[in-house]
Amino acid sequence: MNNQAPEPPPQSPIKIGSDHTAMRDRNERLVLSIIRRRGALAKSEIARLTGLSAQTVSVIMRALETEGLLLKCDPVRGKVGQPTVPMRLNPEGAFFLGLKVGRRRTELMLIDFVGAPRASRVARHDYPTAEDTIRFARGAIDEILKEMPPAQRERVFGLGIGAPFQMWDWGAALGLPESAMSDWRERDIRAELETLYPWPVMLENDASAACNAELLFGGGSLPGHFVYAFLGFFVGGGLVMNSTLVTGPRGNAGALASMPVPDATGGQCQLLDVASLSGLEARLRAAGADSAFLWEARDHWELAPETLEPWLEGAARGLAHVAASATALCDLDAIVIDGWMPEELRDRLVAATAREIARIDLSGSFAPAVLAGSAGPQARALGAASLPLSARFLTEVDLPQEPEG
């Protein structure tokens, strides 16, 4: 059961170029984390936020600039005193690879230090096997590395893998023979890929990885405590407390797919039965319509109302009950919904979920906000690439709230 849960990040040293040892000082991670969270900042502002002395911050930022991780912005002149020089993350400072293993699509993505995608490769399939996944990953990584200038290749710092856990259990749901995906029980794709490359390889549940992408790269203003739902072939999720992804001792915190919710007949089912794109695919096939377009592109889907509306209603009802239950248990602020779907459909799902929450008796609790995710359909690949970024360069930060106005 080799893809059952993530392992701790490897501790082998990594180098920037050939002359500098890896940055391991927590204060440096703290400075990078704050700049990532707040954007370009001057040394004085970082000193205020961290409580570090001005001299310490100056030394840290000079070192990070020398390492190529920070860049100076244009000076900002105030009414009095010397101009300040904010510093920002250098997109060219580091690069990371992310491998997203999906039931219909597997994707390899390269991102830069600010999380912008630089290259990607996609393989489509009826179902993934461990052997095919490793073969695809090797070919895609080697192609992308070959296309990078040597200076950039030296700054690749790791590979993250976002994959559903217990992959072998999904064969029946895909209508496959029991043996079709059995090689996932025996193969450790993280360990196998790590032997091929000079950087660490990390594994996380694909939905939890997507949640991490929302935390790091999402453009919205997120609350500190929320449950995250990503609708792919199967729905998955993540749990965020104190602005930090919580994965639990077995990596299954926020495993929304397994949560019991009401079905349309007064009984119960699991969330994956009503809020997964596999259900929408099944409705299309039952209507005699082609469903391949669901996995080819997500910008625009032509869906008949009699196919879409029942699925949308069931997905919203299930997500609403998950949000209400999670809020009562963990005192959350919101549910954040994203997925492999057109933005217009995601926004309709968000609105429908909010209406369903309003129908639930929340006496003794309160209604969580329903927010649209901003990382988008590539969240799982972005999240996979964010794993080595977080492990190598970031730390948890608890920033003071800025006054409004």
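Calculation notes
- Residues numbered from 1 in each chain as written.
- Predicted model: local features only at pLDDT ≥ 70, side-chain atom pairs only at ≥ 80, totals over all residues.
- Heavy atoms only, no water.
- Helix = DSSP H or I, 4+ residues; strand = E, 2+ residues; numbered from the N terminus.
- Buried < 20%, exposed > 50% of the residue type's maximum accessible area, 1.4 Å probe, protein only.
- Contact = heavy atoms within 4.5 Å.
- Areas by Shrake-Rupley, 256 points an atom, 1.4 Å probe, with all protein chains shown as cover.
- Pairing = 2+ DSSP bridges.
- Axes fitted to C-alpha atoms, helices over the stretch in contact; angles between N-to-C directions.
- Phe/Tyr/Trp six-rings, centres within 6.5 Å; stacked < 30°, edge-to-face > 60°.
- Polar contact = N/O pair within 3.5 Å; in protein donor to acceptor, adjacent residues only side chain to side chain.
- Parallel < 35°, antiparallel > 145°, perpendicular 65-115°, else oblique.
- Nonpolar A, V, L, I, M, F, W, Y, C, P; charged D, E, K, R; others polar.
- pLDDT = per-residue confidence, 0-100.
- Salt bridge = Lys/Arg side-chain N within 4 Å of Asp/Glu carboxyl O.

**Things to note about the overall build of the chain**
- Within the chain, the secondary structure is distributed over 14 helices and 16 strands.
- Residue burial in the chain is summarised as follows: out of 405 residues, 52% are buried.
- Counting only contacts in the chain whose residues sit at least 6 apart along the sequence, the fraction spanning at least 24 positions is 69%.
- Of the accessible surface of the chain, which amounts to about 18400 Å², a share of 49% is contributed by carbon and sulfur atoms.

**What to know about the environment of Asp290**
- Within the secondary structure, Asp290 sits in the loop between helix 10 (277-286) and helix 11 (293-296).
- Among the residues examined, Asp290 registers a relative accessible area of 55% and is labelled exposed.

**Observations concerning the sheet that holds strand 8 (residues 156-162)**
- With respect to topology, 5 strands assemble into an open sheet ordered 7-6-5-8-9, the strand pairing being mixed. Pairing within the sheet leaves two strands with one partner each, and these edge strands are strand 7 (117-124) and strand 9 (201-204). Averaged over all adjacent pairs, the angle separating strand axes in this sheet is 15°, with direction ignored.
- Across 7 bridges, strand 6 (residues 105-111) lies against strand 7 in antiparallel orientation. Residue pairing across strands places Glu107 opposite Val122, the latter belonging to strand 7.
- Against the sheet, helix 8 (residues 206-217) contacts strand 5 (95-101), strand 6, strand 8 and strand 9, and its axis sits at roughly 105° relative to strand 9.
- In the packing of helix 14 (residues 379-393) onto the sheet, contacts are made with strand 5, strand 6, strand 7, strand 8 and strand 9, and the angle to strand 5 comes to roughly 135°.

**Comments concerning the environment of Ala47**
- Within the element layout of this structure, Ala47 appears in helix 2 (residues 43-50).
- Spatially, the C-alpha atom of Ala47 lies 9.0 Å from that of Ser58, the residues being 11 residues apart in sequence.
- Once residues within four sequence positions are removed from consideration, Ala47 is found in contact with Leu52, Ala54 and Val57.

**Looking at the packing of aromatic side chains**
- The final tally for this structure, using the stated rule, is 8 aromatic pairs.
- Centroid distance Phe157 to Phe393: 5.2 Å. Interplanar angle 75°. Geometry classified as edge-to-face. Taken together, the residues span a long stretch of sequence, with Phe157 in strand 8 and Phe393 in helix 14 at a distance of 236 residues. Of the two residues examined, Phe157 and Phe393, each falls in the buried class.
- Centre to centre, the rings of Phe233 and Trp295 are 5.5 Å apart; their planes meet at 40°, and the pair counts as tilted.

**Side note on the environment of Ser386**
- In this fold, Ser386 is placed in helix 14.
- For Ser386, a relative accessible area of 0% puts it in the buried group.
- Residues Ser386 and Gly115, spaced 271 residues apart in sequence, show a C-alpha to C-alpha distance of 7.7 Å.
- When neighbours within four sequence positions are excluded, Ser386 is seen to be in contact with Ile111, Ala209, Asn212, Ala213, Leu216 and Phe217.
- Polar side-chain contacts of Ser386 include one of 2.8 Å to the side chain of Asn212.

**Section: the sheet that holds strand 15 (residues 334-339)**
- If you trace the 5 strands from one edge of the open sheet to the other, you get 12-11-10-15-16, paired in mixed fashion. The strands lining the two open edges of the sheet, one partner per strand, are strand 12 (244-246) and strand 16 (369-372). Sheet twist, expressed as the mean angle between neighbouring strand axes with direction ignored, is 30°.
- Bridge count for strand 15 against strand 16 is 4 bridges, and the pairing is parallel. Within strand 16, the position partnered with Ile337 by the bridge is Ala372.

**A closer look at the packing of helix 1 (residues 26-38) against helix 14**
- Put simply, helix 1 and helix 14 touch, their axes get as near as 9 Å, and they point 135° apart. Judged by the inter-axis angle, helix 1 sits oblique to helix 14. Along the contact surface, helix 1 presents Arg29, Leu32, Ser33 and Arg36, while helix 14 presents Leu389, Ser390, Ala391, Arg392 and Phe393.
- Residues that form the contact of helix 1 with helix 14 fall into these classes: 4 nonpolar, 2 polar and 3 charged.

**Some remarks on the confidence of the model for the chain**
- Per-chain confidence: the chain averages 88 in pLDDT, with 90% of residues scoring 70 or above.
- Below pLDDT 50 for its whole length, residues 6-24 participates in 41 contacts with residues either more than four positions away or in separate chains.

**Focus on the pattern of salt bridges**
- One pass over the full model with this rule turns up 18 salt bridges.
- One salt bridge connects Glu313 with Arg317, and the closest N-O pair in it is separated by 3.6 Å. In this pair, Glu313 and Arg317 are both assigned in helix 12 (residues 305-330), 4 residues apart and thus about one turn of the helix distant.
- Of the charged contacts in the structure, one is a salt bridge between Asp347 and Arg346, with a shortest N-O distance of 3.1 Å.
- Overlapping salt bridges bring together Glu131, Asp132, Arg135, Arg187 and Glu192 as one network.

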